[in-house]
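# Geometric and topological summary
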Amino acid sequence: MQLSPYTPGEVAREVPGREAQLQQIGGMLTLPALHGRFSGRIRVDVGPRGVGKTSLLRRVHEDASRLGLAPLYVTAGNGPLAAVIADEARALVSEWGVPSAASEWLDRLSVTLGVPGVAQFTAETSPEAPSPQATRAFRELIEKTSREALSQGLTGIAVLVDELQNADDEGLRTIAYAWQELQGSRTPAVFVAAGLSHTADVVTAAVTSAERFQFRTMRDLEDHEVREALSQPAADLGVRWETPALQEVVRRTQGYPYAVQLWGDAMWLAAGSPDREGIIGAENLDAAQASVDQDMSALHRARWSKASPREREVLSAMAHLGSIDVARADIADALGVTSGSLGTVRQSLLDKGIVQIAGHGRLSFTAPGFAEHVISLETR
């Protein structure tokens, strides 16, 4: 018996189907790592929950480390974003054993950025721009941490931020303005982030110079990518998928990466956790389907439970409209309200990751089977 190589609910060890993203981000990483240059745009990969954003960012973390960059990995929403990044820089510099006399700059900048545990600095801000002190402090943080990395024999730093949609407006403005001021410098730094599908809306609402951010959408996997994601981990352990079973599982996953991991794990267990030269076949489909149904049902219940009564009305209307994606105007008609009145509830559902933007004025569910789950609740 061998442990399952599939990782539902965990950060995936491999990220099949994301070669284009990894190649593009890899090019950004080489600017500081190989050429000592500043990477001028902040890359943000966006998509619904379950498509592998965190796995992608963790892979970028590994790639950055292999290139000699010092990764500053944080999750937005745990405090003011600029302060959270500064706190991670403090921890990194501390690990390097930089003498306190040489790191006084970090204490000074941490005060300005409001790092927890140090004296807080308060400044007047406006909706259009962050405080000049905060912008200057964050710019210096990137410059000085990068130089310190070079003194440690590293090639620079990589700022990596997950869940960017949860970032505070002031933090986004501070980072955007500081990154703009760093243009043309020789600071060996790069910034890569990930967030839910509406992250671009969050950023553009907070930052007037949002062109510094480069947004790229993470889609569901193509059939050939699903086949690779299922067959390759098994092949690495000497186990073979029978073609009919593989084709059927590809069809049932609908390209949703989380479902791919669920199906891979369920088929592996149904096949008896095979040893080398083992086979995963069609006879395992029924048992696997029962397991996947339970897991997907738990996911659907969790998302439904997060919705308010008003949000559930919108979700029910979407489910009954029956399309893959639904026009906001059609939802409003079904509920007998104006389209404009849905703005707040729409934003809340986006923030919770239950729906995603599917085009101008259109929404879709982020998880396959959710519409059927909603309708089934009404027939019980």
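Attention here is on the structure that accompanies the text.

Criteria and cut-off values
Residue positions are given per chain, counting from 1 as you read along its sequence in written order. Reporting in this predicted model follows two pLDDT cut-offs: at least 70 for local features of residues, and 80 or more for side-chain atom pairs to be given and counted; totals over whole chains, interfaces and linings ignore these cut-offs and use all residues. Where side-chain values are given, they derive from all heavy atoms of the structure, hydrogens and water being excluded. In what follows, salt bridge is the name for a side-chain nitrogen of Lys or Arg lying within 4 Å of a carboxyl oxygen of Asp or Glu. Helical segments are the DSSP runs of H or I of at least four residues, strand segments are the runs of E of at least two, and each set is numbered from the N terminus. Note on exposure labels: buried denotes an accessible area under 20% of the residue type's maximum, exposed denotes more than 50%, and partly exposed covers the range between, all computed with a 1.4 Å probe on protein chains only. An axis is simply a line fitted to the C-alpha atoms; with a helix, the fit covers only the stretch in contact. Between two such axes, the angle follows the N-to-C directions and lies from 0 to 180 degrees. By the definition adopted for this analysis, an angle is roughly parallel if under 35 degrees, roughly antiparallel if over 145, roughly perpendicular if from 65 to 115, and oblique otherwise. In this scheme the handedness of a crossing depends on how the near helix is turned from the far one: anticlockwise by less than a right angle means left-handed, clockwise means right-handed. Every residue pair with non-hydrogen atoms within 4.5 Å of one another is taken to be in contact. Just so you know the grouping, Ala, Val, Leu, Ile, Met, Phe, Trp, Tyr, Cys and Pro go in nonpolar, Asp, Glu, Lys and Arg go in charged, and all remaining residues, Gly too, go in polar. DSSP calls a pair of strands paired once it identifies at least 2 bridges connecting them.

### A closer look at the pattern of salt bridges
- Enumeration over the complete set of coordinates arrives at 16 salt bridges.
- With a shortest N-O distance of 3.2 Å, Arg 59 and Asp 63 are connected by a salt bridge. Of this pair, Arg 59 and Asp 63 both sit in helix 2 (residues 53–66), four residues apart, which is roughly one turn of the helix.
- The class of Arg 59 is partly exposed, set by a relative accessible area of 27%.
- Judged by its relative accessible area of 15%, Asp 63 is buried.
- As a salt-bridge pair, Arg 346 and Asp 201 come within 4.0 Å of each other at their nearest N and O atoms. With Arg 346 in helix 14 (residues 343–351) and Asp 201 in helix 7 (residues 199–206), the pair connects residues that are 145 residues apart, well separated along the chain.

### Observations concerning the packing of helix 10 (residues 257–270) against helix 11 (residues 285–306)
- In contact at an axis separation of 8 Å, helix 10 and helix 11 are set at 140° when each is read in the N-to-C sense. Accordingly, the angle class assigned to the pair helix 10 and helix 11 is oblique. The handedness of the crossing between helix 10 and helix 11 comes out as right-handed. Touching Tyr 258, Leu 262, Trp 263, Ala 266, Met 267 and Ala 270 of helix 10 are Leu 285, Ala 287, Ala 288, Gln 289, Ser 291, Val 292, Asp 295, Met 296 and Leu 299, all from helix 11.
- Considered class by class, the residues forming the contact of helix 10 with helix 11 number 12 nonpolar, two polar and one charged.

### Some thoughts on the sheet that holds strand 5 (residues 213–217)
- Taken together, five strands build an open sheet; the order of strands is 2-3-4-1-5 and the sheet is parallel. This sheet does not close on itself; its edge strands, each paired only once, are strand 2 (69–75) and strand 5. On average, each strand axis in the sheet is tilted by 20° relative to the strand beside it, whichever way the strands run.
- As judged from the five bridges shared by strand 1 (residues 42–46) and strand 5, these two strands associate in the parallel manner. Within the sheet, the bridge partner assigned to Val 44 lies in strand 5 and is Phe 215.
- Packed onto the sheet, helix 5 (residues 132–151) meets strand 3 (156–162) and strand 4 (189–195) and runs at close to 125° relative to strand 3.

Note that all results are geometric; they support no functional claim without further evidence.
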